[in-house]
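The primary structure of each chain is shown beneath.
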Amino acid sequence: MPIRVLAEQVAAQIAAGEVIERPASVAKELIENAIDAGATDIRVEVREGGRRLVRVIDNGYGIPADEVDIAFQRHATSKLSTAEDLDRITTLGFRGEALPSIAAVAQVSLLTRTADEPVGTFLRLDGGVVTQREERGAPRGTIVTVENLFYNLPARLKFLKTVATEAGHIQDLVASCALAFPERRFTLTSDSRLVFQSLGTGNLLDVLIKVYGLETAKNMLRVEGGEEQGSTGKIISPAISATGYISTPALHRGSRKDMTFFVNRRWVQDRTLAHATTEAYRTLLPVGRYPLVVLAVELPPEDVDVNVHPAKAEVRFRDSQAVFVAVQRAVRRVLMEQSPIPQIGARPTFSTWTRRDHEHLPGDSAPGQFGLELQRTAGPHLSAPLDFPITAPIDHGSRLPILRVVGQVGQAYIVAEGPEGLYLIDQHAAHERVLYEQFQTARAEARVPGQALLEPVAVELTLGQLATLQEQLPLLTELGFQMEPFGGPTMLVRAVPAALRDGDVARALVAILDEASVGSAPLAQEREARLIASVCKQAAVKAGQTLSLAEMQELIRGLEASSAPRTCPHGRPTMIHLSTVQLEREFGRR
């Protein structure tokens, strides 16, 4: 094919693909424009997760009538004029690509007025082409309405996720903007329902309560960055400061999703900041757990490059090592000085089973097994009784031989003897596998056991967790959960899967939602399997729990009957096998 210059409309759509990935990208660019325009009240409206409509209303300076058309031209911006300005960017936007990129892939309407203009200017574009321009009455500020995103790019449209998922991304975005700018008021309405509203008081703690709930905010510690001398947390140079809130070691999540970072008030995803923070928590959190962090890093504009990607979600530091040290020290100092001392809980106790519980056990098992209630300061209080027999198909090629339990090591591993040697079994991973196959069997027979709670439990969720819950609610209901809205981001839990009935319902539900929000599983069957695995993870017996001989025997019997006994549902090995031959070699008998 001959070399030719692409048509302007095609080039615009290609360029828009780098800036506009999903409805949340549209909301992000419009909110950043509103902030740069000095708006103190920013309202966001979405319909159908932003596919149908994204509208951002602000009370900023507005756009002069003679500049409205220019605003939709590529690389038109009021925020810089020379290449040297790129070295000291102090605004959120600067590339001049947002409005033309949005207009190229959607139907856009803009209504704006400055303080010194008697009337406003209305402009409508369809696929980047102006179709209407007129004067209209309007308050000071700007209203941008984006409808039918990707209507002219069906290939991009089909890659969007469900309405709940896309709405969740927008909720996370608005919440993050409110955390970065607590002095401004943000309101989010989704499908005519008020989802989020910050107060605009300038107090970050007020926004934390709105985003994460009062109980979570109570477990947050204040971080203040500044000079070496001064109050708690002020341990870094004046050039680099870190301020915000971090969670106590008792409050942690199953993913990095709630680690939020801002660089000069820009919401970013940065490995340096994430690594510095997790290093500060070293030895303070369980393996695979992460803190809840809202941290704002301030440094001279010339020391950070924000012109890395059109989406402006990544930055590069001139001296990344200095930033790492500043953040790590600030967080670590606060943890050492302010974090409450963990309390030693009670020893593990075993709950008494009823005759009904015993009748559900296969074979002649002794009662009292897996009715565990371990009191810990920084961990879930969960128990996981075996409530129904395993009848899943057995793959005899991978089936375990009959094992004899010898004992327990480190309150985490079961030692068992078999005809082929010695087995070291991870009690948590093994119990996950047993519960997983029980759930799958019960699901196939449409008899998943649920347990109504004597008193409903109110669970405060973040906006992201609430969006995940709305998306996964049908499956959670099938698994035994019964929930209903209780005002704002709070859900009232009335029933749970039987395996979770004696545990910390709130902690378990939050962990399940956090894990469900990580990654993507495009097929319904995969999403279902992953959610069931997450429930089993929360219900399974934990490392650190002392098991009786009868409990260990019951767990081993369940594993023997499992169709895939050598891995947990997440793929981790459940056991290490030391054959008799290996033992003989180690002891010099061969």
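Numbering of residues starts from 1 in each chain and follows the order in which that chain's sequence is written. In keeping with the predicted nature of the model, local features appear solely for residues at pLDDT of at least 70, side-chain atom pairs appear and are counted solely at 80 or more, and the whole-chain, interface and lining totals rest on all residues. Hydrogens are left out, water is left out, and the side-chain values use all remaining heavy atoms of the structure.

Novice: Before we move on, can you summarise the overall build of the protein chain with the specific residues and values?
Specialist: Summing up its helical and strand segments, the protein chain has 17 helices and 26 strands in all. For the protein chain, the residues scored as buried account for 49% of the 590 residues in total. Note on contacts: a residue pair is in contact if any heavy atoms of the two residues lie within 4.5 Å. When contacts within the protein chain are restricted to residue pairs at least 6 apart in sequence, long-range pairs at least 24 apart make up 69% of them. Accessible area for the protein chain stands at about 27,600 Å²; split by element, carbon and sulfur atoms hold 52% of it. Only runs of H or I of at least four residues qualify as helices and only runs of E of at least two qualify as strands under DSSP, and these elements are numbered from the N terminus. Burial status follows relative accessibility: with a 1.4 Å probe on protein chains alone, a residue under 20% of its type maximum counts as buried, one over 50% as exposed, and anything between as partly exposed. Residue burial considers only the protein chains on display, and all accessible areas are found by Shrake-Rupley using a 1.4 Å probe.

Novice: Summarise the sheet that holds strand 3 (residues 107–113); cite the residues concerned and give the values.
Specialist: Pairs of strands are assigned from DSSP output, requiring at least two bridges between the strands. Strands sit in the order 5-4-3-6-2-1-7-8 across an open sheet of eight strands; the sheet is mixed. Of all strands in the sheet, those bounded by a partner on one side alone are strand 5 (129–136) and strand 8 (193–197). Across the sheet, the mean angle separating the axes of adjacent strands is 15° when strand polarity is ignored. Examined bridge by bridge, strand 2 (residues 53–58) and strand 6 (residues 141–147) share six bridges and lie antiparallel to one another. Note that in strand 6 the partner of Ile57 across the bridge is Ile143. A fitted line through C-alpha atoms represents every axis, and for helices the fit uses only the stretch in contact; the resulting angles, taken between N-to-C directions, go from 0 to 180 degrees. Across the sheet, helix 2 (residues 23–36) is in contact with strand 1 (41–47), strand 2, strand 6 and strand 7 (185–190); its angle to strand 2 comes to roughly 10°.

Novice: Describe the sheet that holds strand 23 (residues 450–460), with residues and values.
Specialist: With respect to topology, three strands assemble into an open sheet ordered 23-25-24, the strand pairing being antiparallel. Pairing within the sheet leaves two strands with one partner each, and these edge strands are strand 23 and strand 24 (482–485). Each neighbouring strand pair of the sheet contributes to a mean axis angle of 15°, computed without reference to strand direction. Bridge count for strand 23 against strand 25 (residues 490–497) is seven bridges, and the pairing is antiparallel. Bridge pairing links Val459 to Met491 in strand 25. Of the strands in this sheet, strand 23, strand 24 and strand 25 are in contact with helix 13 (residues 463–478), which crosses strand 24 at around 140°.

Novice: Hey, could you go over the nonpolar core for me, with residue numbers and the actual values?
Specialist: Buried residues of nine kinds, namely Ala, Val, Leu, Ile, Met, Phe, Trp, Tyr and Cys, make up a nonpolar core once their side-chain atoms join them within 4.5 Å. Ranked by internal contacts, the top residues of the largest apolar core, which has 62 residues, are Ile31, Phe72, Val146, Phe186 and Phe196. Per element, the largest residue contribution to this core is eight residues, and it comes from helix 6 (residues 163–180). Look past the residues within four positions of Phe196 in its chain and what remains in contact with it is Val174, Ala175, Ala178, Phe186, Thr187, Leu188, Lys210, Val211 and Leu463. In this structure, Phe481, Val496, Leu509 and Ala533 belong to the second largest nonpolar core, which totals 34 residues.

Novice: Tell me about the pairing of strand 5, residues and numbers included.
Specialist: Where strand 4 (residues 120–126) lies against strand 5, seven bridges are found, and the strand directions are antiparallel. Along strand 5, the bridge assignment pairs Thr121 with Glu135. Joining the antiparallel neighbours strand 4 and strand 5 is a turn of two residues, in which Gly127 adopts a positive phi near 65°.

Novice: Help me get a handle on the packing of helix 6 against helix 13, residues and values and all.
Specialist: Two elements in contact, helix 6 and helix 13, have axes whose closest approach is 8 Å; the angle formed by their N-to-C orientations is 170°. Between helix 6 and helix 13, the interaxial angle falls into the category roughly antiparallel. Here Ala164, Thr165, Gly168, Gln171, Asp172 and Ala175 of helix 6 come into contact with helix 13, specifically with Leu463, Gly464, Ala467 and Glu471. Each residue is assigned to one of three groups, with Ala, Val, Leu, Ile, Met, Phe, Trp, Tyr, Cys and Pro labelled nonpolar, Asp, Glu, Lys and Arg labelled charged, and all others, Gly among them, labelled polar. Of the residues in the contact of helix 6 with helix 13, the class split is four nonpolar, four polar and two charged. Here roughly perpendicular refers to angles of 65 to 115 degrees, roughly parallel to angles under 35, roughly antiparallel to angles over 145, and oblique to all remaining angles.

Function cannot be inferred from these measures alone, as they are strictly geometric.
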